[in-house]
Amino acid sequence: MLPLRDDVPTRCIPWINYLMIGICTLVFLKQMDPSHDGERLVFEYGMVPARVTGALPPTDTVRIRIPAPRGEVQILEAPPPAVPPWLTIVTCMFLHGGIMHIVGNMWFLYIFGDNVEDRYGHVGYTVLYLASGIAASLLHLATAPSSEIPTVGASGAISGVMGAYFVLFRHARVITLLPLGVFTQIVAIPAPFFLGIWFLMQLLSATFTPTGGGGVAFWAHVGGFVAGVAATLLLGFMHQEIRRESSICRTPAWQRRRYPW
């Protein structure tokens, strides 16, 4: 299922959402720049769980075993991290592993992030995004503490945004492209159903995928989503405005002229 858009209008410009998309895109362009070593950036700023937990030396160039196709093991000379290993829990959120990785992540963030920022406000949304990403990194770290594979991507933070959307916009619909063999159909799917199916897929994949192996860090997706749900439920009890249908984003007059709703 490929989401195309939702049916919830926003009342303010989602500056922070655009900022996160812009930062991730610029970092990825630097990764792809032929004058830079993108693989080196991944090892310098990506989260290698074994380095964070101390199973690998954090400061020296080390030989790291990376799973390769057909079950082989590839040995890479990994440079030392450019920041303290614990800080890679945050910096890994702004790196991506390939063009499809970043396009998929940024598309989901574009669709779901604007409405959540509209309800949280700019500062609250920034905190939610970063906190969800950190929670995702920590859960992945806890499930694969000896993994030598760098973890990169904004998926955990975006999962937290989707978790917040799941709580806040229960009556929303997601306009979705649904492939049916050689045919495709565009359908409107209730947001709780769309996001619930997505979360269930991540949970099942995390449960049945060996920890520490290559591929997708499914537990990071689970951790980010749960963090977003929990934070939004907690704030909903503490601040009535989080639950309201109206936006808490303070919209200046010049924006109200452009966005009359």
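So, how was this worked out
Residues numbered from 1 in each chain as written. Predicted model: local features only at pLDDT ≥ 70, side-chain atom pairs only at ≥ 80, totals over all residues. Heavy atoms only, no water. UniProt positions renumbered as here; feature names shortened; annotations may be inferred. Helix = DSSP H or I, 4+ residues; strand = E, 2+ residues; numbered from the N terminus. Contact = heavy atoms within 4.5 Å. Patch = residues over 30% accessible without salt bridge, like charges linked within 9 Å, V, L, I, M, F, W, Y side chains within 5 Å. Areas by Shrake-Rupley, 256 points an atom, 1.4 Å probe, with all protein chains shown as cover. Salt bridge = Lys/Arg side-chain N within 4 Å of Asp/Glu carboxyl O. Buried < 20%, exposed > 50% of the residue type's maximum accessible area, 1.4 Å probe, protein only. pLDDT = per-residue confidence, 0-100.

This paragraph deals with the UniProt feature "transmembrane region" (unreviewed entry) in the protein chain. As annotated in UniProt, the feature "transmembrane region" (unreviewed entry) corresponds to residues 12-29, 86-111, 123-143, 149-168, 180-204 and 216-237 in the numbering used here. Helix makes up 83% of residues 12-29 and strand 0%, with an end-to-end C-alpha separation of 28 Å. For residues 123-143, helix accounts for 100% and strand for 0%, while the C-alpha atoms at its two ends are 31 Å apart.

Attention now moves to the environment of Ala220. With respect to the element layout, Ala220 can be found in helix H9 (residues 218-238). Along the sequence, Ala220 and Gly156 sit 64 residues apart, while their C-alpha atoms lie 5.3 Å from each other. If we skip the residues at most four places from it in the chain, Ala220 touches Ala136, His140 and Gly156.

A surface patch of nonpolar side chains, about 690 Å² in accessible area, is lined by Leu2, Leu4, Trp15, Tyr18, Trp107, Tyr110 and Ile186. Those elements that place two or more of their residues in the nonpolar patch are strand S1 (2-6), helix H1 (15-32) and helix H5 (99-120). Relative to the helices and strands, Trp15 is located in helix H1. On the basis of relative accessibility, which here comes to 44%, the residue Trp15 falls in the partly exposed class.

Here the protein chain averages 86 in pLDDT, and 87% of its residues register 70 or above. Every residue in residues 251-261 scores below 50 in pLDDT, and together they form 13 contacts with partners more than four places removed in sequence or on other chains.

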